[in-house]
Amino acid sequence: MSQQYRSRPLGNGVALSEAYDTALLDLDGVVYAGGHAVVHAVESLGTAREGGMHLAYVTNNALRTPDAVAEHLTELGVPAEPADVITSAQAVARLMADQLPAGAKVLVVGGEGLRVALRERGLVPVESADDDPAAVAQGFGGPDLPWGRFAEAAYAITRGAVWFASNTDLTIPGARGIAPGNGAAVEVVRIATGAEPQVAGKPLPPMHRETVLRTGAKRPLVVGDRLDTDIEGAFNGGVDSLLVLTGVTDAAQLLAAGPRYRPTYVDRDLRGLLTGQPEVSEEDGGFRCGGWTAAVRGDALALEGEGDAIDGLRALCGAAWTYAGEGSCELDVAKAVAGLEL
């Protein structure tokens, strides 16, 4: 049988914060959105930490330094040290240091987080293509990044500089909604140059390597809101994952996910760390979770029952992913999802 949504054989009632030693938490859309904490995040993380779970904050956002991120988290009520924060800026800096000589000049298209990470690896940030940089490092620069920075990157790359990108997330969630991410900015430079960057961030191996080196996790659980970075990154690293529905992924996108984008667990928010995930069982051609049963009816998913809506979504995942096998589910899911009112 193809991969289904199901809990690992931990036994019902075993909290994820007890089953895993380290939570590798994405930040944007999981812990905070813009300048505010996501609902239930602060108290859930506090309880998990008090119970002995190590919390590490793993973000593709290369704009801020680990010190600044840790300070922001602490202000929100989530005490954190800079060593608890792992960024794609750190991952791309290590990737570059492995290929460039010590002291190499690097044109920076991004924020202070990227500059600090490069200096930590013995590389020298510069601001102009006329400084003859050996490489270009591009990371999220925030809404105030001048358009001219993309031109400098294009000039340097066409002159032979090696191009690196911290990540290629096309969007980033914020307090006012979804905004263009570093991936959108990377596309600008790609169109101008025809070049392809080396990418370090989730879901690619350099970010997983950086995270393991810095956290020392033995039984990690990746926690994120994005299928194409957080969950795929966990798949690539061979570790379990929890998808929370507080960021960019909605129920319909989750049900359509192919195998490498399917999380081990799904929950509304970070309260899911503190609970044992219920079993999704196959019964009489359908999939049952809690008080809900999901099944394929013709060209659509059907859902019957009552209870916690998130259990209904888990049952739907079992039906959709088993039907799709190694592909993506193309069934009509609108009616079933609408009935859950998630």
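Every value quoted in this text rests on a predicted model; they were computed, and no experiment measured them.

Caption draft 1: Representation of the nonpolar core within the structure. Counting residues in each nonpolar core, the largest one holds 31 residues, and the members touching the most others are L254, L255, L301, L303, L313, L316 and L340. Only α9 (227-237), α10 (251-255), β17 (286-289), β18 (292-297), β19 (300-305), α11 (309-324) and α12 (334-338) provide two or more residues apiece to this core. Those residues within four positions of L316 in sequence are excluded, and the remaining contacts are L255, A294, L301, A302, L303, A336 and L340.

Caption draft 2: Main features of the layout of surface pockets. Its boundaries defined by the atoms lining it, the largest pocket holds a volume of some 590 Å³. Along its surface, the largest pocket is lined by 28 residues, and F140, G142, P143, I172 and P180 are the ones closest to its centre. The class makeup of the residues in the lining of the largest pocket is 14 nonpolar, eleven polar and three charged.

Caption draft 3: Local environment of the side chain of D269. Among the secondary structure elements, D269 is positioned in the loop between β15 (265-267) and β16 (281-283). Here R271 takes part through its side chain, which lies 2.9 Å from a polar atom of the side chain of D269.

Caption draft 4: How the structure looks around the environment of L303. Counting through the fold element by element, L303 comes out in strand β19. Classification of L303 as buried rests on a relative accessible area of 19%. Counting along the chain gives 246 residues from L303 to Y57, while the straight-line C-alpha distance between them is 36 Å.

Caption draft 5: Fine view of unusual backbone geometry. Following K202, the chain continues into P203 via a peptide bond in cis, with omega recorded as 10°. Locating P203 in the fold gives a position in the loop between β12 (198-199) and α8 (205-215). Located in the positive-phi region is H40, a residue other than glycine, with phi close to 70°. Mapping H40 onto the fold places it in the loop between β3 (36-37) and α2 (41-50). Residue class for H40 comes out partly exposed when judged on its relative accessible area of 24%. Phi at E341 is positive, roughly 55°, even though this residue is not glycine. Structurally, E341 can be placed in the segment after α12.

Caption draft 6: Here's a closer look at helix α5 (residues 112-120). Here α5 has its buried residues at G113, L114, R115, A117 and L118. Close packing links the buried residues of α5 with α4 (88-97), β6 (105-109), β7 (124-126) and β8 (135-138). A positive backbone phi angle near 80° is found at G122, which sits one or two residues after α5.

Caption draft 7: Molecular detail of the sheet that holds β18. Strand order in the open sheet formed by four strands is β16-β17-β18-β19, with antiparallel pairing between adjacent strands. Each having just a single partner strand, β16 and β19 make up the two edges of the open sheet. Taking the axes of each pair of neighbouring strands and ignoring which way they run, one obtains an average angle of 30° across the sheet. Pairing between β18 and β19: six bridges, direction antiparallel. Bridging across to β19, W292 finds its partner in G305. Contacts between α11 and the sheet are confined to β17, β18 and β19, with β18 contributing the most and set at about 30° to the helix.

Caption draft 8: Layout of helix α7 (residues 182-193). Look at α7: 17 Å from first C-alpha to last across twelve residues, which is about the 16 Å you get at 1.5 Å a residue. Of all the positions in α7, only N182, G183, A185, V186 and V189 are classed as buried. Viewed along the axis of α7, the buried residues span an arc of 155°, placing them on a single side of the element. Turned more than 90 degrees away from the buried face of α7, the exposed residues are I191 and A192. Contacts made by the buried residues of α7 are with β8, α6 (148-158) and β9 (162-165).

Caption draft 9: Region of the structure containing the side chain of T59. Here T59 lies in strand β4 (residues 54-59). Polar side-chain contacts of T59 include one of 3.0 Å to the backbone nitrogen of N61. Once residues within four sequence positions are removed from consideration, T59 is found in contact with D26, L27, D28, I86, T87, S88, K202 and M207.

Caption draft 10: A look at the packing of aromatic side chains. Counting across every chain of the model gives two aromatic pairs. Ring centres of Y20 and Y265 lie 6.3 Å apart, and the angle between their planes is 75°; this geometry places the pair in the edge-to-face category. Here Y265 lies in strand β15 and Y20 lies in the loop between α1 (16-19) and β1 (22-25), a separation of 245 residues in the sequence. A relative accessible area of 1% means that Y265 is categorised as buried. Between the aromatic rings of W147 and F150, the centroid separation amounts to 5.2 Å while the plane-to-plane angle is 85°, which identifies the pairing as edge-to-face.

Criteria and cut-off values
- Throughout this document, residue positions are counted from 1 along each chain, in the order its sequence is written.
- pLDDT decides what is reported in this predicted model: residues at 70 or higher carry local features, side-chain atom pairs at 80 or more are listed and counted, and totals for whole chains, interfaces and linings draw on all residues regardless.
- Side-chain numbers here rest on the full set of heavy atoms in the structure, without hydrogens or water.
- Residue types Ala, Val, Leu, Ile, Met, Phe, Trp, Tyr and Cys, when buried and joined through side-chain atoms within 4.5 Å, form a set referred to as a nonpolar core.
- Exposed residues in this analysis have more than 50% of their type's maximum accessible area, buried residues have under 20%, and partly exposed residues fall in between, with area computed by a 1.4 Å probe over protein chains only.
- A run of H or I in DSSP becomes a helix once it reaches four residues, and a run of E becomes a strand once it reaches two; helices and strands are each numbered from the N terminus.
- By the convention used here, residues are in contact when the closest approach between their heavy atoms is within 4.5 Å.
- Residues are said to line a cavity or pocket when one of their atoms sits within 4 Å of a point; the points come from a 1 Å grid over protein atoms alone, cavities being sets where a 1.4 Å probe fits but cannot get out and pockets being open sets with protein on both sides within 12 Å along at least five of seven lines.
- Grid points are joined across faces, edges and corners, and a volume is the space filled by probe spheres set on the points.
- In this count, Pro and Cys sit with the nonpolar residues alongside Ala, Val, Leu, Ile, Met, Phe, Trp and Tyr, while Asp, Glu, Lys and Arg are called charged and the others, Gly among them, polar.
- Any pair of nitrogen or oxygen atoms within 3.5 Å is treated as a polar contact; in protein, a donor-acceptor pairing is required on top of that, and neighbouring residues in sequence qualify only through side-chain atoms on both sides.
- Two strands make a pair as long as DSSP finds a minimum of two bridges between them.
- Axis geometry follows a simple rule: fit a line to the C-alpha atoms, using only the stretch in contact for helices, then measure angles between N-to-C directions, giving values from 0 to 180 degrees.
- Working rule for helices: expected span equals 1.5 Å times residues minus one.
- In this description, the arc belongs to the directions extending from the helix axis to the C-beta atoms.
- Two rings from Phe, Tyr or Trp (for Trp, the six-membered ring) form a pair when their centres are within 6.5 Å of each other. A pair whose planes differ by under 30 degrees is stacked, one over 60 is edge-to-face, and the rest are tilted.

Interpretation in functional terms is not warranted from these geometric data alone.
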